[in-house]
Amino acid sequence: MAASKKQHKEALDYHEFPKPGKIKVVPTKKYASQHDLGLAYSPGVAIPCQEIEKDKQKVYNYTNKGNLVGVISNGTAVLGLGNIGPEASKPVMEGKALLFKIFADIDVFDIEIDEEDPQKFIETVKNIAPTFGGINLEDIKAPEAFEIEERLKAELDIPIMHDDQHGTAIISAAALLNALELADKKIDKVKIVVSGAGSAAIACAKLYVLLGAKKENIVMFNSKGALKKGQEGLSAGQKEFATEKSYDSLADAMKGSDVFLGLSIGGLVSAKMLKSMNDNPIVFAMANPDPEIDYDLAIKTRDDVIMATGRSDFPNQVNNVLGFPFIFRGALDVEATKINEEMKMAAVKALAELAKKPVPEQVNIAYCETKLQFGRDYIIPKPFDPRLIGEIPPAVAKAAIESGVARNKITNWDAYKSELLERMGNEDKITRLLMSRAKSNLKKIVYAEADHIDVLKAAQQVYEDKIAIPILLGRREIILELMEELDFESEYITIIDPKSDEQLPDLKKYAKTLWEKRQRKGITLYEAEKLMRERNYFAAMMVVENDADAMLSGYSRSYPKVLKPILEIIGKEKGVSKIAATNLMNTAKGPIFISDTSININPDAIELARIAQMTAYTVKMFGIVPNVAMVSYSNFGSSNHPSAKKINDAVNYLHENYPEIHVDGELQVDFALNRKLRHNKFPFSKLKDKRVNTLIYPNLDAANGTYKLLKELNTADSIGPILMGLDKPAHVFQLGASVEEMINMSAVAAIDAQQKAKRKRKK
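Residues numbered from 1 in each chain as written. Predicted model: local features only at pLDDT ≥ 70, side-chain atom pairs only at ≥ 80, totals over all residues. Heavy atoms only, no water.

Peer 1: Is there a simple way to think about the overall build of the chain in this case?
Peer 2: A tally of helices and strands in the chain yields 31 helices and 21 strands. Against the compact-globule benchmark of 27 Å for 763 residues, the chain has a radius of gyration of 29 Å, which places it among compact chains. Over its C-alpha atoms, taken along the principal directions, the chain stretches across nearly 90 × 70 × 50 Å. Of the accessible surface of the chain, which amounts to about 35,000 Å², a share of 52% is contributed by carbon and sulfur atoms. One finds the centroid of the 103 positive side-chain charges in the chain at a distance of 5 Å from the centroid of its 104 negative side-chain charges. (Helix = DSSP H or I, 4+ residues; strand = E, 2+ residues; numbered from the N terminus. Rg over C-alpha atoms; globule rule 2.2 N^0.38 Å. Areas by Shrake-Rupley, 256 points an atom, 1.4 Å probe, with all protein chains shown as cover. Lys, Arg positive; Asp, Glu negative; His and termini not counted. Charge placed at Lys NZ, Arg CZ, Asp CG, Glu CD.)

Peer 1: What is the right way to read the packing of aromatic side chains from this model?
Peer 2: Any two aromatic rings considered together are summarised by their centre-to-centre distance and by the angle between their planes. The full count for this structure, using the stated rule, is 13 aromatic pairs. Between the aromatic rings of F593 and F622, the centroid separation amounts to 5.2 Å while the plane-to-plane angle is 70°, which identifies the pairing as edge-to-face. Here the residue F593 occupies a position in strand β16 (residues 590-595), and F622 occupies one in the loop between α26 (605-621) and β17 (627-631), the gap between them amounting to 29 residues. Accessibility classification places F593 together with F622 in one group, the buried group. Each member of the aromatic cluster is reached from another via a ring pair, and the members are F636, F671, F682 and F684. Between the NZ or CZ atom of K215 and the centre of the ring of F241, over which it lies, the distance is 5.7 Å. We note K356 situated over the ring of F374; from NZ or CZ to the ring centre the distance is 5.8 Å. (Phe/Tyr/Trp six-rings, centres within 6.5 Å; stacked < 30°, edge-to-face > 60°. Buried < 20%, exposed > 50% of the residue type's maximum accessible area, 1.4 Å probe, protein only. Lys NZ or Arg CZ within 6 Å of the ring centre and 35° of its normal.)

Peer 1: Is there a simple way to think about a nonpolar patch on the surface in this case?
Peer 2: On the surface, a cluster of nonpolar side chains totalling about 300 Å² of accessible area is made up of L79, L81 and I84. Tracing the sequence through the fold places I84 in the loop between β1 (68-73) and α5 (86-104). (Patch = residues over 30% accessible without salt bridge, like charges linked within 9 Å, V, L, I, M, F, W, Y side chains within 5 Å. Salt bridge = Lys/Arg side-chain N within 4 Å of Asp/Glu carboxyl O.)

Peer 1: What is the right way to read the sheet that holds strand β15 (residues 580-587) from this model?
Peer 2: Two orientations exist for strands paired in a sheet by backbone hydrogen bonds: parallel and antiparallel. One open sheet holds the 6 strands; their spatial order is β18-β17-β19-β16-β15-β20, and the pairing between them is mixed. Two strands bound the open sheet, and with one partner strand each, they are β18 (662-667) and β20 (718-724). In this sheet, adjacent strand axes meet at a mean angle of 20° when their direction is disregarded. Both β15 and β20 contribute to a ladder of 5 bridges, which runs antiparallel. When the sheet's bridge partners are listed, T582 is paired in β20 with I722. (Pairing = 2+ DSSP bridges. Axes fitted to C-alpha atoms, helices over the stretch in contact; angles between N-to-C directions.)

Peer 1: Looking at this structure, I do not really get the pattern of salt bridges. What am I missing?
Peer 2: Once their charged atoms are close, side chains differing in charge can pair, the charge on each being opposite to the other. Under the counting rule described, the total for this entry stands at 42 salt bridges. Note that E353 and K356 form a salt bridge whose closest N and O atoms lie 3.5 Å from each other. Sharing partners across several salt bridges, the network here consists of K22, K90, E94, D110 and E112.

Peer 1: Would you mind going over the sheet that holds β1 with me for this structure?
Peer 2: Spatially, the 4 strands line up as an open sheet ordered β2-β1-β3-β4, and their pairing is parallel. On the outer flanks of this sheet lie β2 (107-112) and β4 (160-162), each paired with one strand and no other. Each neighbouring strand pair of the sheet contributes to a mean axis angle of 20°, computed without reference to strand direction. Sheet analysis places β1 next to strand β3 (residues 134-137), joined by 4 bridges and oriented parallel. Looking across to β3, one finds that I72 is bridged to L137. Along the sheet, helix α6 (residues 118-128) contacts β1, β2 and β3; its crossing angle with β1, the most-contacted strand, is approximately 165°. (Contact = heavy atoms within 4.5 Å.)

Put into structure tokens, the structure is as follows:
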């Protein structure tokens with residue numbers, strides 16, 4: 001599918017700005033002084049060099065080799081682009097590097113080699129291999145890919161894996177084990193039909209055989225038909241799965257089959273073909289973006305089908321990111337000499353078992369599921385499941401040790417698992433979770449300043465990424481002009497100009513509602529009609545009247561001016577005395593919520609307690625268990641000053657009235673955020689052994705200053721301010737917010753609308 005002009009430019013801009021590429025190298029040691037530099041380079045660096053010269057294994061002690069993977073390609077089989085060459089493949093390799101880092105905290109150098117001759121390619125990789133703790137081969141065409149991987153595995157003493165082959169094989173094998181269990185079928189009895197005969201298909205078939213499938217029960221097709229014994233032009237891998245049986249077509253082979261594995265092209269499988277399969281058919285249709293059979297068609301055709309695809313918008317996504325980061329993580333951590341079949345099998349079984357374990361509420365919330373549990377729609381874990389990093393690498397590492405390919409032995413597995421979980425505190429997957437959750441139940445969001453180009457850019461991306469359904473509010477002619485400029489084309493987008501004659505009926509209806517609500521607070525019907533011509537009043541009334549699910553404004557107007565109509569029209573939720581605001585900061589220590597950042601100047605103890613209560617609820621909305629520190633300049637009563645005492649009083653109130661909230665204080669910020677420091681000094685704290693993710697400040701000065709300081713000094717996302725305590729969803733952008741910030745706030749508004757609707761249904 002050809003990209004639009006807008007998509008074309010957006011993709012190029014993403015890779016070029018603010019600086020070209022997607023990865024960078026950063027120092028991990030101090031370098032401020034001449035003393036530091038003398039240790040980093042000459043003369044101090046000579047000492048570790050001499051130690052490594054005596055014992056090569058010490059390279060793992062003194063360099064980053066043990067956490068460094070080379071992603072290496074010659075660009076001969078890139079995505080769906082084919083042989084595009086090494087330079088053109090570099091964006092893909094950088095993308096792979098990014099996935100290694102964000103999912104498993106593995107550093108990567110991407111290496112693009114201008115060489116198609118297998119022997120020369122192998123020699124080049126061997127020559128640079130001392131740099132790396134492992135090598136991920138990527139996008140190399142078959143059959144050369146098989147020879148290259150096998151030779152490098154045999155001739156090098158570090159883990160080598162061609163992910164295009166083995167990643168898909170490992171994930172689909174885990175899914176197959178669980179699907180067979182649900183279908184009550186034995187792997188050595190099932191007939192398996194494979195559409196596609198490339199490297200991934202062959203790797204899948206080989207792994208299925210290791211699990212117990214019989215080769216004689218597997219039939220594999222390429223574009224010319226079933227692979228047959230004696231057929232010319234077959235690779236060594238394809239010959240393994242050539243059959244002596246005769247099949248007229250894929251449809252013929254699927255009759256009476258139990259498993260279909262598709263790694264070919266979309267639309268190959270018809271409803272009739274699916275109906276011809278045995279009871280409880282297992283269908284892995286993994287062509288992207290269009291599966292071999294449409295998911296909805298398959299489910300409609302057979303209610304007993306167990307289906308997986310490569311797509312994230314259907315259940316059971318077979319996604320390589322479930323495998324390669326965690327397999328390499330485990331292999332690197334034991335300094336493995338290779339990734340062998342035992343390690344792959346350990347990953348398969350760990351993934352399969354993880355799908356059977358109770359799913360954390362964080363994952364349910366992230367995917368907008370009431371309760372994910374092992375079954376036909378959940379046979380493999382979700383890619384954003386935070387347990388993956390703690391489950392797959394230990395299984396792989398244990399298999400490496402037991403099979404004799406590990407040079408480093410792990411003895412304290414609990415400590416290792418804790419270390420793995422700590423590694424992931426510095427990445428911002430919460431933003432991805434937000435987007436995924438918003439997409440699960442689309443809400444209508446009215447953008448009150450849609451005649452500003454950046455607001456419109458944000459609304460456009462929200463629409464195109466299916467995060468929410470935008471309603472554009474503002475001067476119609478300007479919005480249409482900007483939409484044309486942005487190549488924002490959609491007949492389904494609603495544009496509203498509150499001052500136009502076309503909107504007069506709605507304006508009068510909204511004005512009457514406002515007048516009836518506030519006629520005893522000094523407002524006349526004429527004044528209500530006048531106010532309704534002001535976009536923020538109009539937008540707020542759209543939400544009140546359920547013509548929109550949420551509103552966003554504030555890009556071009558001061559915070560107080562936007563907040564006033566929201567408070568007057570939407571008002572506070574029942575039982576809330578004061579609204580408040582929190583900001584989510586994605587920091588190196590993980591997500592941290594800071595309250596109150598924009599509303600209450602100097603709240604008293606009870607108000608602070610209620611701010612903490614509302615913030616804890618908001619944190620849960622993000623799928624995170626709130627651990628709340630009430631912060632001050634003092635620790636646990638060390639000061640009797642009123643500002644410290646009110647924190648202490650707020651904590652006591654929460655302990656007495658809301659004992660389910662993990663909260664304590666007052667605490668200085670360093671003690672709040674440093675678990676070890678806090679435990680050593682205050683072992684009695686109710687936050688013992690917990691990672692604090694929520695900070696409640698005593699006043700607006702402190703909270704606002706902290707959040708803005710972090711925002712300027714931290715390169716991670718800032719999301720907020722998130723308004724808490726309103727009766728209906730409304731949020732206010734920071735003045736001049738970036739497009740990215742507005743997109744993030746759109747996801748927050750959508751999730752807020754989802755949650756408020758759910759609460760109202762329960763009532």
